[in-house]
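Architecture at a glance
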Amino acid sequence: MKTSNTIFMMLLVITVYANDEKYVEQMGKQIQNVYTAKSIEDLQIAVNAFDRIANAEKSKWEPYYYSAFGSIMMATRTKDATKMDSYLDQALASVEKGKALAPNESELIAMEGFVYMIRVTVDPASRGAQYSGLAMQTFGKALAINPNNPRAMALMAQMQFGTAQFFGSPTTEACGMATKALALFENQKPASPVAPAWGKEMVTGLLQSCK
Amino acid sequence: MQTLATFFFIVMMTPVFSQTRISGKVTDASGEGIPGANLSIKDSYDGASSALDGSFSFTSDEKGSHTLVISFVGYKAHIQPVELTGKEIVLNIVLKEEINQLDGVVISAGSFTAGEEKRRTILKPVDIAMTAGATADIAGALNTLPGTQKVGETGRLFVRGGDGSETRTFIDGMVVLDAYGPSAPNTPSRGRFMPFMFKGTSFSTGGYSAEYGQALSSALVLNSKDKAEMNQTDIGILSVGADVAHTQVWDRASVSGKVQYTNIRPYFNLINQKIDWKTPPASLEASAAYRQQVGKTGMMKFYGNFNQTDYSLYNHDILDPSLKQQLDLTNRYRYINGSYQQEISSTWSVRGGLSYSYNQNNTKTEGVPATETEAGLHSKFVFEHSFNEQLELRFGSEYFYRNYEASRFNTILNRDEAVSFTEPLLSTFAEAEYFASNKFVVKAGARFESNQLNNQNSVDPRVSLAYKPGKHGQFAVAYGTFRQTPVNQYVRVNQQVSPEKAEHFILNYQVITDRKTFRVETYYKRYNQLIKYPGSNPYQITNEGSGYAKGLDIFWRDSETIKNVDYWVSYSYLNTERDYLNYPHSAVPSFASAHNFSVVYKHFVPKIKSQLGFTYSYTSGRPYYDPNQSQDKFNTSKTPYYSDLSANIAYLPKNNLIIYFSCTNLLGRDNIFGYEYSTLTNVEGVYVGRAIRQAAPRFLFLGVFITLSKNKSINQLPNL
């Protein structure tokens, strides 16, 4: 009986491991797809895949996180304001689903702020005041949970830089933040193969404009 | 050992499980392929996205009964049971369109909506605040929209041949009485509520929902902001006063308060006014707002506004301008509004509220006192139920209790005289909205009113529908009957007087894209039961008056063609006559102008970090009656046309600092709004006329606005 128990346990471990392997493998593939997507269509395919994984896994926040990221990328690639809003609505819905599983995940909160940041660009004149404040506040929340979240810092720097540029005020504070973000990127050790790792290029690009 | 054998057996068997291929095509109702739709075997990783032509093909390792879910944004998810046996499954899936909140057909006849920023709207709240010439007055900004007639000496909204009293203001669904502040005779008054308080404004020039009653021509529905998001202190230093506001935010609640002191005395000492002021107006205003989130979906709002204004001036006699009469006024105003809304379930929601308005004018004419007080309590609840995505029902009830009292000192009898009345009004309304598709919507409802002052019951039907054949253009029509108790000065004479009635017929066409709007609307309006009395006797009041108004409104807005420039152009044509009040026969009322034209231009110049704004308004001559002519010439004389070019500049030197300057009537045109005549003839037997003019050619305003918050990127731009 003891043997069969052991075997049963082994079997369980193997299946669980196999499932996790499948998860990591599928996620890894789709994460690459989002990073290298050339069109809205490519992004939609990846977003769909993340949604399928999210629905199948039920307890993992990462698929929702990347689904939101993909939707935001879709929003940045269209000029149609109604479409932009509809992609951003999708993104926010995914963030909310992720937050229901991991309410204090700094990465998800940073992603939420990212949605607000892109909302501003749809109609800066009438949305700027409301959403830029909301975005800054949300990035602040993400950094309060994890001060070493490079993406939260990078997005905040980006937002700050845009605002400073708009008002023609010095960008030193924003650039300081960007430098800090770069250091965070260099020291980041992803907790798992599916942990968020994007954003370094954004910061190096920003630091270029700082020079 | 046997267990182990079974285990190996199972492991060996696994590869033998055959895969099932699922293929086919996803299309919309018209057969057009939908690309990018998500096909997924529920609870598994298996699935695919449809290709550009809507086709798809994928394999699944699952076995047995499963559910295939097909979803795509803008469409209802389709659920398809499948049996996975290894045999290929071919499916043709038709997705049903979802009723689209962002881009679908909407009820549009008669209404201008600002806010709900994700929708394509004609105006945004910031537009209202930043319109040159309006000096951040809601009515002033809405006066640049078609359907309104400029009546410069009142500052109120006159809509489609309607009088200023025919427009009613609502905040969060609750009635506001006396929505305009006090002003000197024949000078424009300002709205009591600043545009920055509101996240959305819906200005209806006709055919509005059965939810709103007691308004003959227009409903101005203001929705206040929700919970504030951050702590901040705002300081404003104005050429006519100062204000300070603070907002404190908690996790689920926020409180903000504002104190404002306005004193125009130094300004009037500097710039000569046509009005003979003894003491120009000064006012002290305090307002506070409290927001509390309740549960998951509930929101409770309280708002209070307290204002006191004083002034004193001399009215000069028309016949002998050296004769003057001193008029002192003290106005006290309170408005309290509490509202609550909550979702009861996924298909039911409820909202309700209570508002209280109190307005008292204490006047002294040459020291002889008179008082006029109006107080009203309004309570309302509304239930909303969606049967499904397409059909929604809204119904509710309201009770409105209003008390009016006027008293004055009778110098002959040497005692106070008072008149008063109380009007309790109970009403119920129901309205259904049905979206047949994203192309067609119909809204139909009725409003029942029981007036306990004159013991009359009434039912008013309201219908509107809209059809959107293409991507951007849509047609709409609306019909409705509307009624309103006559203004207080007539009801206090005859409490049994019936409400005045109007019937609206509206036809509208509009094309809205992201940054361009074209809108044309034509209407016919019939007035009945208007107040009428013989010229000689204003106490003999009847409801025998009638009238009509018809016209055409055109609106064009473009923020796309020229970079950093946003402009809109409005034109209204109005043809109206009334036989009411003491009119000897049907005639054009003195507030009506046939042609109104305005252009609002806003230009953001990044180089100087400033927004420049210009507004040009033109109004054709308004009728007046010269009593030296016979009565058949009643209201046939015309004033010269009105025109005004105003400018403003908002300069943002730092993130949290705004310097704002505005000037009306740059060209200094001496506009004449009408003429008043002496009640008696002079020695030559002639009635002497006097033009009603602007108090000063221009009004200049300078303000410095500072915002203090932890986050330095916040400024008061949306507040201006």
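These figures come from a predicted structure and were not determined experimentally. (Residues numbered from 1 in each chain as written. Chains lettered and ligands numbered in written order. Predicted model: local features only at pLDDT ≥ 70, side-chain atom pairs only at ≥ 80, totals over all residues.)

Before going further, it helps to examine the pairing of strand 17 (residues 253-263) of chain B. Residues and elements named next belong to chain B. Pairing geometry for strand 16 (residues 241-249) and strand 17, over 9 bridges, is antiparallel. When the bridges of strand 17 are listed, A242 appears paired with Y261. If you look at the hairpin formed by strand 16 and strand 17, you'll find 3 residues sitting between the two strands. With 11 bridges joining them, strand 17 and strand 18 (residues 276-294) adopt antiparallel strand pairing. Bridge pairing in strand 18 places V259 opposite A286. (Pairing = 2+ DSSP bridges. Helix = DSSP H or I, 4+ residues; strand = E, 2+ residues; numbered from the N terminus.)

Now for helix 5 (residues 106-122) of chain A. Under the 1.5 Å per step criterion, the end-to-end length of helix 5 of chain A is 25 Å for 17 residues, consistent within 8% with the ideal 24 Å. For helix 5 of chain A, the tally of buried residues reaches 16 of 17 residues, placing the bulk of the element in the interior. (Expected span 1.5 Å × (residues − 1). Buried ≥ 20, exposed ≤ 12 C-beta atoms within 10 Å, placed from the backbone.)

Here we take up the packing of helix 3 (residues 62-76) of chain A against helix 4 (residues 81-101) of chain A. Residues and elements named next belong to chain A. At a minimum axis distance of 8 Å, the contact between helix 3 and helix 4 shows a crossing angle of 165°. Relative to helix 4, the element helix 3 is oriented roughly antiparallel. Remark: the crossing between helix 3 and helix 4 carries left-handed chirality. Side by side, helix 3 and helix 4 meet where Y64, Y65, S67, A68, S71, I72, M74 and A75 of the first sit next to M84, Y87, L88, Q90, A91, S94, V95, K97 and G98 of the second. When its residues are assigned to classes, the contact of helix 3 with helix 4 shows 11 nonpolar, 5 polar and 1 charged. (Axes fitted to C-alpha atoms, helices over the stretch in contact; angles between N-to-C directions. Parallel < 35°, antiparallel > 145°, perpendicular 65-115°, else oblique. Left-handed = near helix turned anticlockwise from the far one by under 90°. Contact = placed C-beta atoms within 7 Å. Nonpolar A, V, L, I, M, F, W, Y, C, P; charged D, E, K, R; others polar.)

In this section: the domain arrangement of chain A. All names here are of chain A. Considered domain by domain, chain A is made up of domain 1 (1-102) and domain 2 (104-211). Placing the centre of domain 1 and that of domain 2 at their C-alpha centroids yields a distance of 23 Å. Tallying the contact residues gives 23 residues for domain 1 and 16 residues for domain 2. Sorting the residues of the side of domain 1 that touches domain 2 by element identifies helix 1 (2-36), helix 3 and helix 4 as the ones contributing at least two each. Top element by residues in the side of domain 1 that touches domain 2 is helix 4. It accounts for 9 residues. (Domains from an automatic or database assignment.)

Attention now moves to the nonpolar core. The biggest cluster of nonpolar side chains holds 66 residues, and the ones touching the most others in it are B:L142, B:F170, B:V176, B:A219, B:L220 and B:L222. Not counting residues up to four positions away in its chain, the partners in contact with B:L142 are B:T148, B:L157 and B:F203. In terms of nonpolar packing, the next biggest core, distinct from the first, is built from 62 residues, A:M27, A:F50, A:L108 and B:Y45 among them. (Core = buried A, V, L, I, M, F, W, Y, C linked by C-beta atoms within 7 Å.)

On to the packing of helix 8 (residues 172-187) of chain A against helix 9 (residues 200-210) of chain A, then. Residue and element names in this part refer to chain A. Contact geometry of helix 8 with helix 9 gives a least axis separation of 9 Å together with a crossing angle of 145°. At the point where helix 8 passes helix 9, the crossing takes the left-handed sense. Here helix 8 contributes C175, A178, T179, A181, L182 and F185 to the contact with helix 9, which in turn contributes K200, V203, T204, L206, L207 and C210. Classifying every residue of the contact of helix 8 with helix 9 by side-chain character gives 9 nonpolar, 2 polar and 1 charged.

Residue and element names in this part refer to chain B. The two faces of strand 37 (residues 657-663) differ: I658, Y660 and S662 on one face are buried, but L657, I659, F661 and C663 on the other face are not. Taken together, the 6 bridges between strand 36 (residues 642-654) and strand 37 define a ladder with antiparallel strand orientation. Opposite K654, over in strand 37, you have L657 as the bridge partner. Following strand 36, the chain reverses through 2 residues before pairing antiparallel with strand 37. Examined bridge by bridge, strand 37 and strand 40 (residues 700-709) share 7 bridges and lie antiparallel to one another. Across the sheet, residue L657 finds its bridge partner in strand 40, namely I706.

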